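# Coordinate inspection notes
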Amino acid sequence: MTWLLKLYPPRWRRRYGAELADLIAVQPFSVGGAVDLLAGALDAWFHPQLAPPTLDMKGDVSMIAHLMQLKCAGYGPSVTKADKVKNVTINIGGTFVLALLWLAVVWVWKHGRLSGYAYVTALAPMAYLFPYLIGLRYTSLKGRSPGAQTVLIVGLGAALTTFLLLVGWIGTRL
C-alpha cells in the first residue's frame, strides 16, 4: 500500500512520508487500510495545517498514525452502535429502494422496446454500491473532513458508474 503515499502533498511526504511508509509496510493490504490512506491524503491536501512542519515525530510512528487517524494502525474515531445502525439502515433501505427503482426501469425498458438495455443491466450493482458508499460516512470515513468524505463517496460512485457503463458498452459490442 506504500504506493498510495504518492497521493499525499509533496511537502507532507518530505516530512512524514518515510514514517508512514514504515508504518504501513508491516500492514497487510486491506480495503479499509486503502480507504484510510486515501482519506488521509485528501485531508492532507484540504487541511495542510493539521500537520505542522515544526512537530518533531522522529521515531514515533504511532504519532503519525494517530495524527492521520489511520484505523488500520489502531487509531481513528470509534464506530458506535448508533453509527452501525445508521450504516445498516442506509445499506438495506437504500438497496431496497434503488433495486425497486432499477426493476421499474428494466420493466419500462423491456416493454417500451427501448435501445440501450445493456447499459441498464450493467448498472444493476449500483443498487447496492451507492448505499454502501453513502454508509461509509458512518464507519470508515467517520471523523474525516466533509470534503474528504464527499470526494471519496462521489468520486468512487462516479468511477464505479463509469466502469459499469463501460462494461455495458462492451456488452453491446459482443
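Here the structure is shown first, and the text comes after it.
This write-up is about the structure you can find in this document. Worth saying up front: this structure is predicted, and the values here are computed from it rather than measured. Residue positions within a chain follow its written sequence, with the count starting from 1. With the structure being a predicted model, the display of local features is reserved for residues of pLDDT at least 70 and the display and counting of side-chain atom pairs for 80 or more, all residues being used for whole-chain, interface and lining totals. By convention in this description, side-chain values take in all heavy atoms of the structure and omit both hydrogens and water.

### Notes on the nonpolar core
Rules: Residues belong to one nonpolar core when they are buried, are Ala, Val, Leu, Ile, Met, Phe, Trp, Tyr or Cys, and are joined through side-chain atoms within 4.5 Å. Remark: exposure states derive from per-residue accessible area (1.4 Å probe, protein chains only) relative to the maximum for the residue type, with buried under 20%, exposed over 50%, and partly exposed in between. To qualify as a helix, a DSSP run of H or I must reach at least 4 residues; to qualify as a strand, a run of E must reach at least 2; elements of each kind are numbered from the N terminus.
Among the nonpolar cores identified, the biggest contains 13 residues, and Tyr-8, Trp-12, Leu-20, Ile-24 and Leu-37 are the most heavily contacted of them. Of all the elements in the fold, those that place two or more residues in this core are helix H1 (10-25) and helix H2 (31-46). Element by element, the count of residues in this core is highest for H1, at five residues. Val-35, Ala-39, Leu-133 and Leu-141 belong to the second-largest nonpolar core, a separate cluster that totals nine residues.

### So, helix H4 (residues 81-111)
Keep this limit in mind: In this scheme, a helix's expected span is set at 1.5 Å multiplied by one less than its residue total. Here, two residues are considered to be in contact whenever any of their heavy atoms come within 4.5 Å of each other.
Its 31 residues give H4 an end-to-end C-alpha distance of 45 Å, which sits within 8% of 45 Å, the value for a rise of 1.5 Å per residue. Within H4, the full set of buried residues consists of Asp-83, Asn-87, Asn-91 and Val-106. Residues of H4 that are buried sit in contact with helix H5 (117-122) and helix H6 (126-135). Among the residues trailing H4, Arg-113 stands out with phi positive, at a value near 50°.

### A closer look at H2
A rise of 1.5 Å per residue sets the reference length of H2, with its 16 residues, at 22 Å; its end C-alpha atoms lie 22 Å apart and thus fit the reference within 8%. Along H2, the positions that sit buried rather than exposed are Gly-33, Ala-34, Val-35, Asp-36, Leu-37, Ala-39, Gly-40, Ala-41, Leu-42, Asp-43 and Ala-44. Lining the buried residues of H2 we find H1 and helix H7 (146-173).

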